[in-house]
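Coordinates in review
In case you want the letters, here they are:
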There are 2 protein chains.
Amino acid sequence: MTKKRVTSQDVANLAGVSRTTVSLVLNDVKGANIPEATRQRVFEAVKTLGYVPNEAARALVSQRSKAIGLVLTRDPSHIDTDAFLPRIITGLLEVVKKHNLRLLIESVNVDHQDQVYLQLARAKRIDGMILSTPRIDDTALRQLEDVGIPTVMMGLLSDSDLYSVDVNNRLAARKAVDYLLRLGHTKIACISNAPESYTASPDRVQGYRDALEAAGIEMDNDLICFGDFDPQSGYDRMKSLLALDKKFTAAFVASDNVAIGAKAALRAAGLKVPDDVSLIGFDDIPWAQYSDPPLTTIRLPAQELAKSSCLMLIDIMQGLEPVDKKLILETELVVRSSCRKLD
Amino acid sequence: MTKKRVTSQDVANLAGVSRTTVSLVLNDVKGANIPEATRQRVFEAVKTLGYVPNEAARALVSQRSKAIGLVLTRDPSHIDTDAFLPRIITGLLEVVKKHNLRLLIESVNVDHQDQVYLQLARAKRIDGMILSTPRIDDTALRQLEDVGIPTVMMGLLSDSDLYSVDVNNRLAARKAVDYLLRLGHTKIACISNAPESYTASPDRVQGYRDALEAAGIEMDNDLICFGDFDPQSGYDRMKSLLALDKKFTAAFVASDNVAIGAKAALRAAGLKVPDDVSLIGFDDIPWAQYSDPPLTTIRLPAQELAKSSCLMLIDIMQGLEPVDKKLILETELVVRSSCRKLD
DNA sequence: ATACCAAACTAACACGTGTTACTAACTCGT
DNA sequence: ACGAGTTAGTAACACGTGTTAGTTTGGTAT
């Protein structure tokens, strides 16, 4: 009754060869000369028995698990509303599958990150890892280099030696604000995507600053605030901004997801987009183009980000030096209808 | 220079005991009597060396990988815009972490599903799996039972013996349409969430039918069509419906994600929600409450679905018979502002 | 003094694979 | 005929852990 496990020994027995030969055939070892007839016998036996090599045994002897990990360094509550995660995942899955790897997902609560990193790495559960949304104050990142597990960051940590793939957040933000400036706006509010400790956030604010400065517009720090990933935070921040009564005519919200909430707050205040306030987002999540009005935003190549990270990681895992240690992908201004020209 | 791997033997040496003792201490085996002093010595050594047990070796000997798999049975393009996936993942991660398991994500392209299922199961990469969005015509599901890997389906396949967790799609859909009926609508269009082959889809349409029938309203099959997961499909279907010129006053769209597109199509046709057409969705994705107008919808307890599936799976993996073989969770009508009362 | 027993530990096997070093047989040029 | 090389295959070890059966040590009852 109990399903007997099928091992390579069983295959060997059925094919009338040794276990070694089975291994040589299945792994297509080129040094060994196995005549076609024998190979076929082995394949036949494999098929008959439905044999699948035990990954644990294989991992043990080869010292590699053939899996990579995607580590999310955010609170689950923030991940919940992340409209990008699915794209990241499909991007990773595509590459991972092509290379016969598996994808492990792990989230670390900000408290004891160190443990988790080391655990995963040392336990050899994964051969490499992709870190998403790194934080500036993440001390565990330093330790990571000691463990010596191949790592790629999606998102740049400027003062780190680790490999990374990212967009130029600063430049992209500037592109967005420059666009608003071209439309004639001068009083422009800014809601960033996340708290300052997440690296992309201050970068995007800096881009906002760059644009205003280049245009010779005086900065009003009251108009700058930091969201917290989800729409609710956008709603709250926009409400606060409106309470200041500063009469801004446009807002740069450095995350479409946060912009969703910001827009709701504008509506609640009786303000229309773009008639009363122009709104430009960041990311181009799927929702953006179907919003009412369709949201003008900066397109972040989410899937490319994921794929490139993954490919880079695989290179590193194979001991190859990737062409770029820090790869920067292009962003693109996507003009829709949420910004109007000021007369 | 080369980082030497730390094994339990090293720990044993440092602590001045045998490797067996180390294992007994670390796994807290109750039969063995290890005095407190020795235990402390072992823990000390573990800490000093930064020892972490090799998972592959552990998996090999214990015949369990301590990982579960989430298998997505959809095209990547559909997963991309799935606003629910993040919630599912955080739900799973929460439970998984609590039980010291890992989460593996796998997508199977509809073509060769069988292989993938079997591969994962036989290779012992995972101890159990959660299937999302099962399809009616999925023959591999049958084979799955043969392999004998614990499996839970998120989404019900009525004629299958497998364990499952789902909502009552039919009843939930009826709730939605009943609400529209109460508001006085009688010409109600229906766009389902997915092609008919995905089980939830025909169920929801059936709920729509139930409601109309109970109200004694004649059915117009032209008003029923099937979306395809993403907003674009909603846009297309709604456009087709409008082209029929059937003058419906309300639409039940069995997926918020599809509803996003449907709403855009209405807008493109110069129709306002809810003034011209009332719109009710399904799922209550994060976007729904921030939509303009806020979308009335049926709340699907995504995270609960994930958690319950996971808990059920863990029960099964431990050989326990879960209380319900087919668990049904509650849905809830969430009234917002996308439906108006007809006079 | 001997038998017995519990406490504290350990030697040795099993898990299923990849791989190296080796053998036996067969071919071939001289 | 004979050494050299090739071909086809295998025995045996390594990977790092969990676990069983067994061994020593020291104490205690008979």
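Here is a short report on the structure shown in this document. This structure is a prediction, so every number in the text was calculated from the model and none was measured. (Residues numbered from 1 in each chain as written. Chains lettered and ligands numbered in written order. Predicted model: local features only at pLDDT ≥ 70, side-chain atom pairs only at ≥ 80, totals over all residues. Heavy atoms only, no water.)

1. Quick look at the side chain of Asp-256 of chain B
Residues and elements named next belong to chain B. Assignment of secondary structure puts Asp-256 in helix α12 (residues 256–268). For Asp-256, which is buried and forms no salt bridge, the nearest opposite charge comes from Arg-336, at a distance of 6.0 Å. With sequence-adjacent residues up to four places away left out, Asp-256 is seen in contact with Gly-281, Phe-282, Asp-283, Asp-284, Ile-285, Trp-287, Ala-288, Leu-295 and Thr-297. (Helix = DSSP H or I, 4+ residues; strand = E, 2+ residues; numbered from the N terminus. Buried < 20%, exposed > 50% of the residue type's maximum accessible area, 1.4 Å probe, protein only. Lys, Arg positive; Asp, Glu negative; His and termini not counted. Salt bridge = Lys/Arg side-chain N within 4 Å of Asp/Glu carboxyl O. Contact = heavy atoms within 4.5 Å.)

2. Quick word on the sheet that holds strand β7 (residues 224–226) of chain B
Residues and elements named next belong to chain B. Spatial ordering of the open sheet is given by β7-β6-β8-β9, a layout of four strands whose pairing is parallel. Each edge of the open sheet carries a strand with a single partner, namely β7 and β9 (278–280). Neighbour-to-neighbour, the strand axes of this sheet turn through a mean angle of 15°, independent of strand direction. Of the strand pairs in this sheet, strand β6 (residues 188–192) and strand β8 (residues 250–253) are connected by four bridges, and their pairing is parallel. Paired with Ile-188 across the bridge in β8 is Ala-250. Against the sheet, helix α9 (residues 169–182) contacts β6, β8 and β9, and its axis sits at roughly 170° relative to β8. Helix α10 (residues 200–214) rests against β6, β7 and β8 of the sheet, and its axis sits at about 165° to β6. (Pairing = 2+ DSSP bridges. Axes fitted to C-alpha atoms, helices over the stretch in contact; angles between N-to-C directions.)

3. Re the relation of the copies chain A and chain B
Least-squares fitting of chain A to chain B yields an RMSD of 0.1 Å, with the superposition described by an axial translation of 0.0 Å and a rotation of 180°. On this basis, the relationship between the two copies can be described by a two-fold rotation axis. A share of 100% of the interface residues of chain A reappears at the interface of chain B, consistent with the copies meeting face to face through the same patch. (Least-squares fit on C-alpha atoms with pLDDT ≥ 70 in both.)

4. As for the sheet that holds strand β5 (residues 163–167) of chain A
Spatial ordering of the open sheet is given by β11(A)-β5(A)-β4(A)-β3(A)-β1(A)-β2(A)-β2(B)-β1(B)-β3(B)-β4(B)-β5(B)-β11(B), a layout of 12 strands whose pairing is mixed. This sheet does not close on itself; its edge strands, each paired only once, are β11 (326–329) of chain A together with β11 (326–329) of chain B. Averaged over all adjacent pairs, the angle separating strand axes in this sheet is 20°, with direction ignored. Pairing between strand β4 (residues 151–154) of chain A and β5 of chain A: three bridges, direction parallel. When the sheet's bridge partners are listed, Met-153 of chain A is paired in β5 of chain A with Ser-164 of chain A.

5. Quick look at the protein's contact with DNA strand C
For DNA strand C, the set of nearby residues contains 24 residues, the closest of which are Arg-5, Ser-8, Arg-19 and Tyr-51 of chain A together with Ser-18 of chain B. Near the protein, within 4 Å, the atoms of DNA strand C are sugar or phosphate in 61% of cases. Contacts to DNA strand C include Arg-5 of chain A, whose side-chain N or O atom sits 2.7 Å from a phosphate oxygen. At 3.1 Å from a phosphate oxygen of DNA strand C is found a side-chain nitrogen or oxygen belonging to Thr-38 of chain B. For the surface near DNA strand C, the elements supplying multiple residues, two or more each, are α2 (19–26) and α4 (55–62) of chain A together with α2 (19–26) and α4 (55–62) of chain B. In terms of residue class, the surface near DNA strand C is built from eight nonpolar, 12 polar and four charged. (Near = heavy atom within 4 Å. Polar contact = N/O pair within 3.5 Å; in protein donor to acceptor, adjacent residues only side chain to side chain. Nonpolar A, V, L, I, M, F, W, Y, C, P; charged D, E, K, R; others polar.)

6. So, the protein's contact with DNA strand D
Close to DNA strand D lie 24 residues, the nearest being Ser-18 of chain A together with Arg-5, Ser-8, Arg-19 and Tyr-51 of chain B. Of all atoms in DNA strand D that approach within 4 Å of the protein, 62% are sugar or phosphate atoms. Thr-21 of chain A places a side-chain nitrogen or oxygen 3.0 Å from a phosphate oxygen of DNA strand D. A distance of 3.2 Å is found between a phosphate oxygen of DNA strand D and a side-chain nitrogen or oxygen belonging to Arg-58 of chain B.

7. Things to note about the pairing of strand β1 (residues 67–72) of chain A
All names here are of chain A. Of all the six residues making up β1, six are buried; the element is thus mostly covered by neighbouring parts of the structure. The two faces of β1 match: Ala-67, Gly-69 and Val-71 on one face and Ile-68, Leu-70 and Leu-72 on the other face are all buried. Pairing of β1 with strand β2 (residues 102–107), which is carried by six bridges, proceeds in the parallel orientation. Bridged to Leu-70 within β2 is Ile-105. Relative to strand β3 (residues 128–132), β1 runs parallel, the two being bridged by five bridges. Among the inter-strand pairings, Leu-72 is bridged to a residue of β3, identified as Ser-132.

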